[in-house]
Amino acid sequence: QVQLVESGGGLVQAGGSLKLSCAASVSFFSINDMGWYRQAPGKQRELVATISSGHSITYADAAKGRFTVSRDNAKNTVFLEMNSLKPEDTAVYYCHAKDSRKVSYWGQGTQVTVSS
């Protein structure tokens, strides 16, 4: 069982920046994909960005040009640097990981609030 521990959420003004971090506990099975999803009130959870162990990256359209995902494979840690934040980026951000068996794991979520 992999545990994901997130940090870095908070309150920021529009135009500001935040950096989220997520560390995965040691796993017998290797961690392949890691990434971030978000869920705003009344909306479905949606992809923000993912990054494979080989650093292949996918961004949602809303994240392109403003967010940067990266990872440290040695530490099983994934980061999300968010710039030029907008009020519509307000959501609970969830870390996600998938191991070599394609089993998915989720963090507890961290609140990001962008004030206008």
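Residues numbered from 1 in each chain as written. Predicted model: local features only at pLDDT ≥ 70, side-chain atom pairs only at ≥ 80, totals over all residues. Heavy atoms only, no water.

With that settled, the discussion passes to the state of the cysteines. Disulfide: a covalent bond formed between the sulfur atoms of two cysteine residues. One pass over the full model with this rule turns up 1 disulfide. In this model, cysteine 22 is linked to cysteine 95 through a disulfide, with the two sulfur atoms separated by 2.0 Å. Torsion about the S-S bond of the cysteine 22 and cysteine 95 cystine: about -85°, corresponding to left-handed handedness. Here cysteine 95 lies in strand β9 (residues 91–99) and cysteine 22 lies in strand β3 (residues 18–24), a separation of 73 residues in the sequence. Assigned by exposure class, cysteine 22 and cysteine 95 land together as buried. (Disulfide = S-S within 2.5 Å. Helix = DSSP H or I, 4+ residues; strand = E, 2+ residues; numbered from the N terminus. Buried < 20%, exposed > 50% of the residue type's maximum accessible area, 1.4 Å probe, protein only.)

To continue, consider the side chain of arginine 71. Mapped onto the fold, arginine 71 is located in strand β7 (residues 67–72). Buried charge arginine 71 goes without a salt bridge, the closest partner of opposite sign being aspartate 33 at 5.5 Å. Within the structure, arginine 71 has its side chain in polar contact with the backbone oxygen of serine 52 (distance 3.3 Å). There is a polar contact of 2.6 Å between the side chain of arginine 71 and the side chain of asparagine 73. (Lys, Arg positive; Asp, Glu negative; His and termini not counted. Salt bridge = Lys/Arg side-chain N within 4 Å of Asp/Glu carboxyl O. Polar contact = N/O pair within 3.5 Å; in protein donor to acceptor, adjacent residues only side chain to side chain.)

Moving on, we come to the pairing of strand β5 (residues 46–51). Bridge analysis of strand β4 (residues 31–39) against β5 gives 5 bridges, and the strand direction is antiparallel. Across the sheet, glycine 35 pairs through a bridge with threonine 50, a residue of β5. Hairpin connection from β4 to β5: 6 residues lie between these consecutive antiparallel strands, with glycine 42 at a positive phi of about 75°. Pairing geometry for β5 and strand β6 (residues 57–59), over 3 bridges, is antiparallel. (Pairing = 2+ DSSP bridges.)

With that settled, consider the environment of valine 112. Here valine 112 is to be found in strand β11 (residues 110–115). Contact partners of valine 112, with chain neighbours within four places excluded, come to Gly9, Gly10, Leu18, Leu20, Met82, Asp89, Thr90, Ala91 and Tyr93. (Contact = heavy atoms within 4.5 Å.)

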